[in-house]
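Here are the chains, one letter per residue:
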Amino acid sequence: MEKITNVEELENALALMRKAQEKFATYSQEQVDEIFKAAAMAANKARIPLAKMAVAETGMGVAEDKIIKNHYAAEYIYNKYRYTKTCGVLEEDPAFGIKTIAAPIGLIAAVIPTTNPTSTAIFKTLLCLKTRNAIIISPHPRAKGCTIEAARIVYEAAVAAGAPEDIIGWIDEPSLEMTNLVMKESDCILATGGPGMVRAAYSSGKPALGVGAGNTPVIIDSTADIKMAVNSVIHSKTFDNGMICASEQSVTVLADIYDAVKAEFAARGCYFLQGDEIAKVGQTVIINGGVNARIVGQSAYTIAKMAGVDVPEKTKILIGEVESTDISEPFAHEKLSPVLAMYKAETFEEALCKAEQLVMDGGPGHTASLFINTNEKEKMAEHASRMHTCRIVVNMPSAQGGIGDIYNFKLVPSLTLGCGSWGGNSISHNVGVMDLLNIKTVAERRENMLWLRLPEKVYFKRGCMPVALDELGTVMHKKRCFIVTDTFLYKNGYVKPIEDKLDEMGIVHACFYDVAPDPTLQCALEGTKQMAAFEPDCIIALGGGSAMDAGKIMWVMYEHPDVNFDDMAMDFMDIRKRVYTFPEMGKKAYFVAIPTSSGTGSEVTPFAIITDATTGTKWPLADYELMPNMAIVDVDNMMNQPKGLTSASGIDVMTHALEAYVSVMASDMTDGIALKATKLVFDYLPSAYINGAKDPTAREHMAMASTLAGEAFANAFLGINHSLAHKLGAYHHIPHGVANALVLTYVMRYNANPVPTKMGTFPQYEYPHTLERYCDIARYNGLVGKDDQETFDLLIAKLEELKKTIGIPASIKEWGIKEEDFLATLDEMTENAFNDQCTGANPRYPLMSELKELYLMAYYGKDTREAALI
Amino acid sequence: MANREIIEEKSYKTVYREGNVIVKEFTPSHPKSDVFNEAYIHTCVEEAGVPVPRIISVEPANGGWALSMEYVPGKTLEQLMKENPDKCGEYIEKLVEIQLEVAQHRVPKLRNTRYKLEDVINGMTEIDASTRYELLQRIHGMKRHTRLCHGDFVPSNVLLREDGSYCILDWAHASSGNAGADAAITYLRFCLDDPQLADTYLKCYCQKADMAIQYVQTWMPIVAAAQLAKHKENERELLEKWISVAEYQ
């Protein structure tokens, strides 16, 4: 490449480098690894001349130590990443349809400091080669010769091994203008240097991996191995004359070992400054709060001489015993030289306070060091928690320790150490290849796992109840059975056959028969009290939805007396991802549900609703833990349902089946069940309504329809028909089934719109297809028009006819709700209906304004075809 | 014509009082643009509502140019400090308070301190390229502020009237930038003239400004370099020491 000495040359070079990088981006992992290896080998071979050049050019540091740093940058970095995948697909999981692909970032700008001018250049160029990035190096003017030479050696070896020409570049005549331009023109900046440089990098507008100043405080605890601790500090502090940013700047020693530590330092060739020598060295090392450039990387002897202090020539470190950790104390600063502060602390707490201040004032986020007996877990944990540093090294020299892989083999080897937000950095780890890649994640569409969850046992057929109950005694050996029912059923002898059967088997039993419609928490609490006193191992809930729901709630409170209904009733988007974990049920009692009406399907559903009578709050609970263990569907219990109940609960069954069939969660498992339920209702509800007990066959088919529809919506869930009906029923005291029927055909027209404002969100729900789904139902019921629309119209007409037959009024108004009352509650009902748990599974995601329109149409009994236009 | 009372004489200018007017008369060799620039800066500051002597005219005089402004009666803080050495602490406090009030003003028409300093450092030959690089990098890393900076805020430039109100003189070096830089300049001037007062000043300033001493210190190598550019031999040793500060790495 041509020399880069001015802005124009730089811009030309950057264009060439971008071209080179485009080519490099197409290289395979094998090609890249070959280049990476050749470059590392070349850098490694040149480690001695490069180190000597660095010392000669900068006049700082120790050649032998710089040799180690170069060796480290070449060998450890290669070793760390030799097998790391950095090209193409990194990970793939076909089952989940996800994979990650590595892409290079492009052109990396690297700013290289004077303190590590060759090793950092080797480190950064190797990382860029491994990641297929181009790198432009901005050396420090004071070290440009050796930095450029290091880059050149890596570059030539890389090109010889097949890398594109111009993939590594450098500024021959560095200036701030060019450094800034390089940063602006690059795609990412690897900035190693002082705070000014790092800030400049961050303000360039390009993503920057910047690192910052360190002021590593060491604590030597009373329990530390003193010889190891002191010699580790000396080993690290003298390394390259103290220029590594993770080097120790101060040691805080616990009072009881202070003298011993001091003696060891002295015995190993460190010099303790006396009297005014401390101030002399302090003023030499620190000028106006900054470190004197002339002492950086100089030997202890040279610095002492500059300060006018006479010390032996082989002195390793100048130690100042000082008291203040305030920045007004020169020794409290980062000194970039073999000059060390030493503090005495009476307690470990005092030592922590000192270290905390030294970190926050001098090197937030960088490194802290601790020497301690590692059995002192509490102290170590406290130290780790108090130090705002991204590296906390224990029992090791911090310079060699902080750069990783020398004294700990999981700390990533790196010459660029992130300092986190404390140090104003974007990263808090040791920089590695993953920081120089853009990782693409390819995610393919996958369908959610679905399920079919039912009670363990569903027994049915007329007269099956005593046979099924027999199992409680003969198979399960239950001893104590608690029956939950309502007063009407109890007084009319419905409990008697159960009690007789239990007596016959010698099962002790008790009965709570105070359940009222829309069961209240107060009622459930009373039942639970009796239940807790009785301590049943089996609960039988006999009745309609109310008794079965109340039974479920009592079951929950009996098994888990401390449950919180607010938590349990928390809405969820996906029942598998809900925040609340429902408590495990069935540890104390087995739950048997015996329906006496054909409607709710509660005997096979995981749902229950309870109302707090004092506040009016309704808690809809939903969790498969609430699923009964056994359902006994015996039509003998249902023969004498009153007409109104037959009508309301019968149309409720139809709504369950219709909504489950068009739900976004509908599946093949639930579809068949739902279709069958619709047919049974169409075929048998009219007679069951008209003839009641006189047509036991119709009753029996309706019982099956109810349970089938329950099974369908227990797994496919419902939709906005129920959302609207729940609130309409609650605000205007309309029976649930009737409320469902009043909005049913409007909701169907609305859902069937092939161009909905918004569709429901679920991976299985691929596009709006509700019209087709309704047509499936129509055709299954023998309704076939000339096209889908006509078929759908036939279904609607048949539903209208059914409603009429079973005495459902034509509108909410006709049911007897006053217009002013309805309108007064409309907005609140709308918002609450929108927020209903059932809304989420609706095939069309509704707007509140749309729900309001549906309410209004259903109120005035408008032509349902208007709902198709919403 | 009223009596002409010479106040100050320098190689490039003479300052004299004539009745209620102070005239700064520059020698013909003094760049015309400098005279107009000083008048411009001074006027900008005057318009911003800072208490300064009102500019009356800029006009040709004896082949050069003369800048006239109103005479403001009173004593400078420097005079007061000399007259009442025991009250030095109080006057320093006063100086700091006034400096902070000045820094409350924004005069966006003025040149930014950073660019001024960058220009000075770029043009210096007395320091090597590496040092210039580091100093420029240091400036570059500073936050971008736009406070009114006097640029030579020393006791001799602050005049107190008898009623206690103040008036600030000599706006030739004013700029828009970081208050910390302005404080660093004042601290440097104290270090050069009266080192004993320097630390008193810095502590007082940082306390009243609620500013970290390190922040002011970060500016010191930069302002020291700018001062070095004035080529005062007696200041050289101290300034070179101040400039030679490495950035932490």
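Residues numbered from 1 in each chain as written. Chains lettered and ligands numbered in written order. Predicted model: local features only at pLDDT ≥ 70, side-chain atom pairs only at ≥ 80, totals over all residues.

Asker: Sorry if this is basic, but what is going on with the sheet that holds strand β22 (residues 590-595) of chain A here?
Answerer: The strands that make up a sheet pair up through hydrogen bonds in the backbone, lying either parallel or antiparallel. All names here are of chain A. Pairing in this open sheet of six strands is parallel, and the strands run β18-β25-β22-β21-β19-β20 from one edge to the other. With partners counted over all chains shown, the strands left at the sheet margins are β18 (457-460) and β20 (508-515), one partner each. With direction set aside, neighbouring strand axes in the sheet form an average angle of 15°. Here two bridges tie β22 to strand β25 (residues 630-633), and the two strands are oriented parallel to one another. Bridge assignment links Ala-593 to a residue of β25, and that residue is Ala-631. (Pairing = 2+ DSSP bridges. Helix = DSSP H or I, 4+ residues; strand = E, 2+ residues; numbered from the N terminus. Axes fitted to C-alpha atoms, helices over the stretch in contact; angles between N-to-C directions.)

Asker: Even after reading the chapter, I still don't get the interface of chain A and chain B, so can you show me in this structure?
Answerer: Tallying the contact residues gives 28 residues for chain A and 21 residues for chain B. Where the side of chain A that touches chain B is concerned, the elements lending two or more residues are α8 (195-202) and β12 (290-292) of chain A. When residues of the side of chain A that touches chain B are assigned to their parent elements, the largest contribution, five residues, is made by α8(A). Across two bridges, β12(A) lies against strand β11 (residues 245-246) of chain B in antiparallel orientation. If you follow A:Val291 over to β11(B), its bridge partner there is B:Ala246. (Contact = placed C-beta atoms within 7 Å.)

Asker: Looking at this structure, how should I read unusual backbone geometry?
Answerer: For residues that are not glycine, phi is negative in most cases, and the peptide bond is trans in most cases. All names here are of chain A. At Asp-166, a position not held by glycine, the phi torsion is positive, near 70°. The topology assignment puts Asp-166 in the loop between α6 (144-160) and β5 (168-170). We classify Asp-166 as buried; it has 23 C-beta atoms within 10 Å. Even without being glycine, His-733 reaches a positive phi, approximately 50°. Relative to the helices and strands, His-733 resides in the loop between α25 (720-732) and α26 (736-752). (Buried ≥ 20, exposed ≤ 12 C-beta atoms within 10 Å, placed from the backbone.)

Asker: Which parts of the structure should I look at to understand the domain arrangement of chain B?
Answerer: Many analyses report the size of an interface as the accessible area lost when the parts associate. Residue and element names in this part refer to chain B. When cut into domains, chain B gives domain 1 (4-70) and domain 2 (75-244). Averaged C-alpha coordinates put domain 1 and domain 2 at centres separated by 23 Å. Residue classes in the side of domain 1 that touches domain 2 are distributed as eight nonpolar, one polar and one charged. (Domains from an automatic or database assignment. Nonpolar A, V, L, I, M, F, W, Y, C, P; charged D, E, K, R; others polar.)

Asker: So what exactly am I meant to see when it comes to the packing of helix α30 (residues 819-834) of chain A against helix α31 (residues 848-860) of chain A here?
Answerer: Angle between the axes and distance between the axes are the two parameters that describe a pair of packed helices. Residues and elements named next belong to chain A. Close contact between α30 and α31 brings their axes to 9 Å; oriented N to C, the two are set at 135°. Classed by the angle they form, the pair α30 and α31 counts as oblique. Seen from above, α30 lies across α31 with right-handed handedness. Contacts from Phe-822, Leu-826, Met-829, Thr-830, Glu-831, Ala-833 and Phe-834 in α30 reach Met-848, Leu-851, Lys-852, Tyr-855 and Tyr-859 in α31. Considering only residue class, the contact of α30 with α31 consists of nine nonpolar, one polar and two charged. (Parallel < 35°, antiparallel > 145°, perpendicular 65-115°, else oblique. Left-handed = near helix turned anticlockwise from the far one by under 90°.)

Asker: Looking at this structure, how should I read the sheet that holds strand β2 (residues 13-18) of chain B?
Answerer: Residues and elements named next belong to chain B. Across the sheet, five strands lie side by side as β1-β2-β3-β5-β4; this open sheet has antiparallel pairing. Lying at the two open borders of the sheet, with one neighbouring strand each, are β1 (4-9) and β4 (55-61). The sheet shows a mean angle of 20° between the axes of neighbouring strands, direction not considered. As defined by bridge partners, strand β3 (residues 21-26) adjoins strand β5 (residues 64-70) across five bridges and the pair is classed as antiparallel. In the strand pairing of β5, Ile-22 is matched with Met-69. The strands touched by helix α1 (residues 32-47) are β3, β4 and β5; relative to β4, the strand with the most contacts, the crossing angle is about 170°.

Asker: Before we go on, may I ask you to explain the pairing of strand β3 (residues 107-111) of chain A in this structure?
Answerer: Sheet faces and side chains relate simply in a regular strand, where the side chains alternate between the two faces. Residue and element names in this part refer to chain A. Here β3 lies mainly inside the structure; five of its five residues are buried. Here β3 shows a buried face lined by Leu-107, Ala-109 and Val-111 and a second buried face lined by Ile-108 and Ala-110. Relative to strand β4 (residues 134-138), β3 runs parallel, the two sharing five bridges. By the bridge assignment, Ala-109 is partnered in β4 with Ile-136.

Asker: Any chance you could explain the packing of helix α13 (residues 348-362) of chain A against helix α14 (residues 377-386) of chain A here in plain terms?
Answerer: All names here are of chain A. One can describe the packing of α13 onto α14 by two numbers: an axis separation of 10 Å at closest approach and a directional angle of 20°. When the axis of α13 is compared with that of α14, the two are roughly parallel. Here α13 runs over α14; the crossing is right-handed. Facing α13, whose interface residues are Phe-348, Leu-352 and Glu-356, α14 presents Lys-379, Glu-382, His-383 and Arg-386. Each residue belonging to the contact of α13 with α14 can be placed in one class, and the counts come to two nonpolar, one polar and four charged.

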